[in-house]
Amino acid sequence: MDALEVTRRRSAWLVAPLALVCAAAPAWAQEQQTRRIDIASGRLSERVPQLARQAGISISVTDGTLWRARVKGVKGVMSPAEAIARMLSGTNSRAVQLSATSWRIDAMPAAQQVASRAIARPPELPLPTESGSEEAIIVTASKLDLPYRDIPGIVHMIEGRDIAFGGERGTDAVLSRLASVASTHLGSGRNKLFIRGIADSSFTGPTQATVGQYFGDLRLSYNAPDPDLRLHDIQRVEILEGSQGTLYGAGSLGGIIRLVPNDPDPRGFSLSAVAGISATQHGAPGGDIAATLNVPLGGSGHALRFTGYGVSEGGYIDNPLRGENDVNRSRIGGGRAALRLDMGDRWTVDVGGIYQATGIADSQYADRDGKTPLTRYSPVVEDADAHYGMAMIVVRKDWGDLKFQSSNAYVSHGLDERFNATRGLDTANVFAQRNRTTMWVSETRLWRPVRDGLGWVVGVSAIDNSTQQRRAFEQGGRRTSATGVTNSITEFTAYGKLSVELSQDILLSGGGRVTHSRLGGAGEDVPLAFKAAGAEVIDERNETQFLPSAEVLVRVVEGLTLFARYEQGFRPGGLAIEGPFVRQFRNDHVESWEGGARWSDPQLGLAASLSVSHAYWRDIQADFIDGNGLPTTANIGDGRITSVAGSLTFYPIDDLRLELNGAYNHSRVLALTPEVARLAYFVNAGLPVTGPSFGMPAIGEIGQFGPTAQLGKIPNVAEYAVQGSIDYRLPMGRSDLRLGAWFKYLGPSRLGIGPVLGDEQGNYVDTGLQARLGDERRGITLSMTNVLDTKGNRFAMGTPFDTSAAGFVTPQRPRTIRIAVDYRY
């Protein structure tokens, strides 16, 4: 097999103080030998494979824009170093030697070059070369540095410049680009994310998320909602669909979303800034500002990078009962900082941190039967505040064919919410919920990228997570505590994966993950009467899980690849609140099978993919509403989800890209747990379910889960969704005019299971337009979201204390126009 590995690697780890882990291995030291080199001038993408073969080295390229650069021909007997230097002479790039047989080509600092303004080419359509080889887009989320074409599954890669185009919008920037990713819409910092229909419930409780969210290799959260970090200065976002249990462990049942930030750059000083103002139809104005500063520290390879931002989004919900308009303004402020230290001999240490504060002045839902849209009659303010902080340290070593990384972090995540708990004509009543999460996480791995037919990764990780939930009712100046709970979990994990090329066209992979979890929990503010009665309020358990995986990828003919994969995932159990009681819920487990195909023809600029997956979900953990109107958690039963996803990309010229992707999900709850089945019996018999019963959910007077015939689909999963976009760049002398448009249709779904929470939601279209005029240093942007000014129901949840037939809607943000200027130095 050819030793060539042409990569475009995008490192991504942003950092702050924690623990330092080291590993040692023999240093490389070999004499360079001269070789006969004979390559003609041409594109870098065409000449790098030729030079790598003739010189007997591997070459990676870190910036995709360099592949289009014209390079000089080289002929004669010389060392690899001299050959690369001659080839790159006069270009905006330079070569860095990594080992005796490994080189990297980087772009020069911005101050020394004119950057390419071409539209980012998608990984499905790598640049063709004369020899038939392709530009290798590396998927770092694979943990094996696999090229995109060797991934046996569905991967999406959204470039940072595409996220920034038209205005950065946090997680919404990902949701609007992919049909297979969905979310609840309680508000920024309060939502749950879903991929491929693996959705547990509408509410945020003690269950772990079904989607793993990562910043580099570091888990952002464990059993907390999406922090909705602003995506400024992000290199790209990688989304892996389907269970990722072997490499990512608990909480990756539906897939993962991985943020890859830009690293501190020791090659030159840079400063970029953007500021915008926005106007929302039927609402209040808003504004945003962000800046990124990169500062090299001498000539030692050290560098600092800072990013700061602030956002104020105007409200658009009116509350006539309180005489207030546009009540739901949200404010977000935060930043990141990173220090890169070059320790020599290919060791680097990154230290830094993240902080973001989110304040929501009032809820964004409206009355379903409101006389006017965007209106809610509520006697209280339902505000929310979220605070997210991460401190981290990442240690790396690169021996060329062997790589090491240790990622360590401490996370503090807080969320305070208030809900309207007023019943009928009673005095205004507020339910206040306070969540505090702390997490220590560490992962250390050693890997060999697939080369010469073999690649592998081994790693160990540890997580210590504690979440405390305190609750209270506030009415008439009195504050009455309600039962809360603390859940803690400590996980120790070892994992490994092996990839073997059986031939040039067949890649076989397999691996496993062993996780030992120590679970603990206790009730908070439990009434003394229940303590005296001996009600169980403390829990300790140990669980051990083994998650195997197997994958095969076959390149059938040029441009056509088939793949199949099997994977398992799980979430550990814990304690849940039910009325004045605290009780256990068990772990749940997913087995998933997937098969699919990818086809591409770079000459035609066409690419397509199709995948079919089936998941069996045992002992589904779900957060729901108990008989007192309070969120609680239980194992509701078993289910299955079948998902079909497809995409089509057309890239006729470098300046035009068209994309279309869609997803179909068919889900069913197959069997109820004994507790929930008992509730269904009461409902079918027409008997009321009254009051809480320890060890068995009490779910309202008519029962949320019955009758059995109404169980049907898993909630919050749209049966179908479609997304499309167009991106075009028109050169205009020294400037460019970039134009873009997108749409996403989300089909109907239901808030929950059964008649009480069976409200329909979804079935709406979201749209956006954006345009930017400028060059690589400065520009002006005009963008518009919700172009059609539709008022679709994104989420049928308002307050959990009112599940009446009238119901609620969460409308889309009305048509919003934003104008912004950006500057880069």
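Residues numbered from 1 in each chain as written. Predicted model: local features only at pLDDT ≥ 70, side-chain atom pairs only at ≥ 80, totals over all residues. Heavy atoms only, no water.

1. Overview of the overall build of the chain
Selection rule: For the purposes of this entry, the term helix denotes a DSSP run of H or I that reaches at least four residues, the term strand denotes a run of E that reaches at least two, and both are numbered from the N terminus. Contacts: residue pairs with any heavy atoms within 4.5 Å of one another. Calculation of accessible area relied on Shrake-Rupley with a 1.4 Å probe; when residues are assessed, cover is drawn exclusively from the protein chains displayed.
Secondary structure summary: the chain contains 7 helices and 44 strands in total. Considering only intrachain contacts with a sequence separation of at least 6, the fraction spanning at least 24 residues in the chain is 69%. For the chain, the accessible surface area stands at approximately 30,500 Å², while carbon and sulfur atoms represent 57% of it.

2. Remarks on the pattern of salt bridges
This is how it is decided: Between Lys or Arg on one side and Asp or Glu on the other, a salt bridge is scored when a side-chain nitrogen of the former is within 4 Å of a carboxyl oxygen of the latter. Here's how the labels work: a residue is buried when its accessible area is under 20% of the maximum for its type, exposed when over 50%, partly exposed in between, all with a 1.4 Å probe on protein chains only.
One pass over the full model with this rule turns up 49 salt bridges. A salt bridge links D217 to R258; the nearest nitrogen and oxygen atoms lie 3.6 Å apart. Of this pair, D217 sits in the loop between β13 (211-215) and β14 (218-219) while R258 is found in strand β16 (residues 255-261), placing the two residues 41 residues apart along the sequence. Each member of the pair, D217 together with R258, is buried. Here R340 ties to D350 by a salt bridge, and the two come within 2.7 Å at their closest N and O atoms. With R340 in strand β20 (residues 330-344) and D350 in strand β21 (residues 347-360), this residue pair connects regions lying 10 residues apart in the sequence.

3. Regarding the sheet that holds strand β7 (residues 102-107)
Our working rule: Should DSSP find at least two bridges between two strands, the strands are taken to pair. Where helices are involved, their axes are fitted lines through C-alpha atoms of the stretch in contact, as for all axes, and angles between N-to-C directions lie from 0 to 180°.
An order of β3-β7-β6 is seen for the 3 strands of this open sheet, with the pairing classed as mixed. Unpaired on one side and paired on the other, β3 (58-61) and β6 (93-99) mark the two borders of the sheet. This sheet shows a mean twist of 25° between the axes of neighbouring strands, independent of strand direction. The strands that helix α1 (residues 44-55) touches are β3 and β7; relative to β3, the one it contacts most, it runs at about 155°.

4. So, the confidence of the model for the chain
To be explicit about the condition: Looking at any residue, its pLDDT shows the predictor's confidence there, from 0 to 100.
For the chain, per-residue confidence averages 83 on the pLDDT scale, and 83% of positions sit at 70 or higher. With pLDDT under 50 throughout, residues 1-32 is counted as low confidence; its partners more than four residues away or in other chains account for 135 contacts. Of the regions scoring below 50 in pLDDT, residues 110-117 engages in 18 contacts with residues more than four places distant in sequence or in other chains.

5. Points about the side chain of T490
Applied cut-off: Here a polar contact means two N or O atoms within 3.5 Å. Within protein one must be a hydrogen donor candidate and the other an acceptor candidate, and residues neighboring in sequence count only if both atoms are side-chain atoms.
One can find T490 in strand β27 (residues 478-503). For T490, a relative accessible area of 12% translates into the label buried. A polar contact of 2.6 Å, which involves the side chain of T490, links it to the side chain of D464. With residues up to four places along the chain from it excluded, the contact list for T490 reads I463, D464, H516, S517 and R518.

6. Quick notes on helix α2 (residues 80-88)
What counts is decided by this rule: By arc we mean the arc of the directions from the helix axis to the C-beta atoms, nothing more.
Those residues of α2 not exposed but buried are P80, A83, I84, M87 and L88. The buried residues of α2 occupy an angular sector of 120° when the element is viewed end-on, so they sit on one face. As for α2, its buried residues are in contact with β1 (35-39), α1, β4 (70-71), β5 (74-78), β6 and β7.

7. Comments concerning the packing of α1 against α2
If you want to describe how two helices pack, look at the angle between their axes and the distance between the axes. Going by this rule: When describing relative orientation, an angle under 35 degrees is termed roughly parallel and one over 145 degrees roughly antiparallel, while 65 to 115 degrees is termed roughly perpendicular and anything else oblique. The handedness criterion is simple: a crossing whose near helix is rotated anticlockwise from the far helix by less than a right angle is left-handed, and one whose near helix is rotated clockwise is right-handed. Throughout, the ten residues Ala, Val, Leu, Ile, Met, Phe, Trp, Tyr, Cys and Pro are labelled nonpolar, Asp, Glu, Lys and Arg are labelled charged, and all others, Gly among them, are labelled polar.
The geometry of α1 relative to α2 is characterised by a closest axis approach of 11 Å and an angle of 165° between their N-to-C directions. In terms of axis orientation, α1 runs roughly antiparallel to α2. For the crossing formed where α1 meets α2, the hand is right-handed. Contacts between α1 and α2 pair L44, R47, V48, L51 and A55 from the former with P80, A83, I84, M87 and L88 from the latter. Class assignment for the residues of the contact of α1 with α2 results in 9 nonpolar, no polar and 1 charged.

8. Quick notes on the packing of aromatic side chains
In plain terms, the rule: Within 6.5 Å between ring centres, the rings of Phe, Tyr and Trp (the latter by its six-membered ring) count as paired, and their orientation is classed by plane angle as stacked under 30 degrees, edge-to-face over 60, tilted in between.
Scanning the model with the defined rule gives 10 aromatic pairs in all. The interplanar angle of 80° and the centroid separation of 6.4 Å between the aromatic rings of W347 and W399 together place this pair among those described as edge-to-face. With W347 in strand β21 and W399 in the loop between β23 (384-398) and β24 (403-420), this residue pair connects regions lying 52 residues apart in the sequence. Each member of the pair W347 and W399 is classed as buried.

9. With respect to the side chain of K497
Here K497 shows up in strand β27. Exposure remark for K497: the relative accessible area of 10% places this residue in the buried category. Polar contacts involving the side chain of K497 include one to the side chain of E551, which spans 3.0 Å.

10. Quick look at the nonpolar core
Counted only if it meets this: We define the nonpolar core as a collection of buried residues of types Ala, Val, Leu, Ile, Met, Phe, Trp, Tyr and Cys that are connected through side-chain atoms lying within 4.5 Å of one another.
One finds V237, I239, I257 and M390 to be the most contacted residues of the largest nonpolar core, which totals 36 residues. Breaking this core down by element, the ones donating at least two residues are α4 (172-175), β12 (193-195), β13, β15 (234-241), β16, β23, β24 and β25 (429-451). In terms of residue count, the dominant contributor to this core is β23 (4 residues). Setting aside its immediate chain neighbours within four residues, I239 contacts I154, V155, H156, I158, V174, L178, V181, I195, I256 and I257. The next biggest cluster of nonpolar side chains, apart from the first, holds 22 residues, and it includes I57, V71, A83 and A107.

11. With respect to unusual backbone geometry
Apart from glycine, the bulk of residues carry a negative phi angle, and the bulk of peptide bonds sit in the trans form. Phi is positive for D233, close to 55°, though the residue is something other than glycine. Examined against the element boundaries, D233 turns out to sit in the loop between β14 and β15. Even without being glycine, N763 reaches a positive phi, approximately 60°. Take N763: it is sitting in strand β41 (residues 760-774).

12. Topic: α1
Defined as follows: Multiplying one less than the number of residues by 1.5 Å gives the expected span of a helix.
Taking 1.5 Å as the rise per residue, α1 with 12 residues should run 16 Å; its terminal C-alpha atoms sit 16 Å apart, in good agreement. Of all 12 residues that make up α1, 10 are buried, and the element is covered over most of its length. Buried residues in α1 make contact with β1, β2 (42-43), β3, β4, α2 and β7. Within two residues after α1, G56 carries a phi angle of roughly 70°, on the positive side.

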